[in-house]
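Structural overview for review
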Amino acid sequence: VYTQEEDKDEENVLGGNLDENSVLEFLNFDPKQHFTQPPAHYTEASLVRTLEELGIGRPSTYAPTITTILARRYIVKEAKNLYVTELGEAVNNIMKTAFPSIVDVSFTANMESLLDSVEEGGVNWKVVVSNFYPDLHEAVEKAEKELESVKIEDEVSDVVCDQCGRQMVIKYGPHGKFLACPGFPECRNTKPYLE
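Residues numbered from 1 in each chain as written. Predicted model: local features only at pLDDT ≥ 70, side-chain atom pairs only at ≥ 80, totals over all residues. Heavy atoms only, no water.

**Some thoughts on the pattern of salt bridges**
The final tally for this structure, using the stated rule, is seven salt bridges. Its salt-bridge partner being Asp154, residue Lys171 comes within 2.8 Å of it at the nearest N-O pair. Placement of the pair is Lys171 in strand 4 (residues 167–173) and Asp154 in the loop between helix 5 (125–146) and strand 3 (155–160), with a sequence separation of 17 residues. Look at Lys171 and you get partly exposed, because its relative accessible area is 30%. Assessed through its relative accessible area of 30%, Asp154 is described here as partly exposed. (Salt bridge = Lys/Arg side-chain N within 4 Å of Asp/Glu carboxyl O. Helix = DSSP H or I, 4+ residues; strand = E, 2+ residues; numbered from the N terminus. Buried < 20%, exposed > 50% of the residue type's maximum accessible area, 1.4 Å probe, protein only.)

**Focus: the sheet that holds strand 5 (residues 176–180)**
Pairing is antiparallel in the open sheet, where four strands are placed in the order 3-4-5-6. Each edge of the open sheet carries a strand with a single partner, namely strand 3 and strand 6 (190–192). Averaged over all neighbouring strand pairs, the angle between strand axes comes to 40°, with direction disregarded. Where strand 5 and strand 6 come together, three bridges link them in antiparallel fashion. Among the inter-strand pairings, Phe178 is bridged to a residue of strand 6, identified as Pro192. (Pairing = 2+ DSSP bridges. Axes fitted to C-alpha atoms, helices over the stretch in contact; angles between N-to-C directions.)

**Describing the side chain of Thr85**
With respect to the helices and strands, Thr85 occurs in the loop between strand 2 (81–84) and helix 3 (86–98). With sequence-adjacent residues up to four places away left out, Thr85 is seen in contact with Arg73, Tyr74, Ile75 and Val76. (Contact = heavy atoms within 4.5 Å.)

**As for the environment of Phe184**
Within the secondary structure, Phe184 is located in the loop between strand 5 and strand 6. Separated by 85 residues in sequence, Phe184 and Phe99 have C-alpha atoms that sit 35 Å apart.

**A closer look at a nonpolar patch on the surface**
A cluster of nonpolar side chains, namely Trp125, Val129 and Tyr133, defines an oily patch on the protein surface of about 330 Å² accessible area. As for its position among the elements, Trp125 is in helix 5. Since its relative accessible area comes to 51%, Trp125 is described here as exposed. (Patch = residues over 30% accessible without salt bridge, like charges linked within 9 Å, V, L, I, M, F, W, Y side chains within 5 Å. Areas by Shrake-Rupley, 256 points an atom, 1.4 Å probe, with all protein chains shown as cover.)

**Details of a negative patch on the surface**
Taken together, the side chains of Asp135, Glu138, Glu141 and Glu144 make up a negatively charged region of the molecular surface. Its place among the elements puts Glu144 in helix 5. (Lys, Arg positive; Asp, Glu negative; His and termini not counted. Charge placed at Lys NZ, Arg CZ, Asp CG, Glu CD.)

The structure is reproduced here in structure tokens:
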């Protein structure tokens, strides 16, 4: 059991027995300037709590979901906080454009409850699929024709290629990050990426 910053009690809460007839006495004026803060970044715990509140997923799916979006580099984790990457933003924008009804939070929660009904024997799975699939099939075909491809530029490192002199870039392979020469295929030099 643990608490987080957002779980702590509010400090500036009016207490006492105040009502519309209360007479208040002015004691002093304390001028403070306060800038609106952006919402805090998600942590793994706050993301799981949000998914639970929205009715998305199951306890058994939360860890694999977070592992997958980290592995695909849609988000990165820095000191407990989760940050959306440029690739994550691009994928999210494409999904919202091509499949607005499917990436909708209420659709996902509704699908979860329908699948629960199938599991309990209350609804036939063929009915669920036949209601859902035609719209999905049409959206996928439309997306294949209309969506543009997105190119995410490689991050340039400060390492110089010792074969051709270009600045090497950071690439991602099945075993993690590595350095590669941007002059591929003429120059095929690669190096391990040491953080």
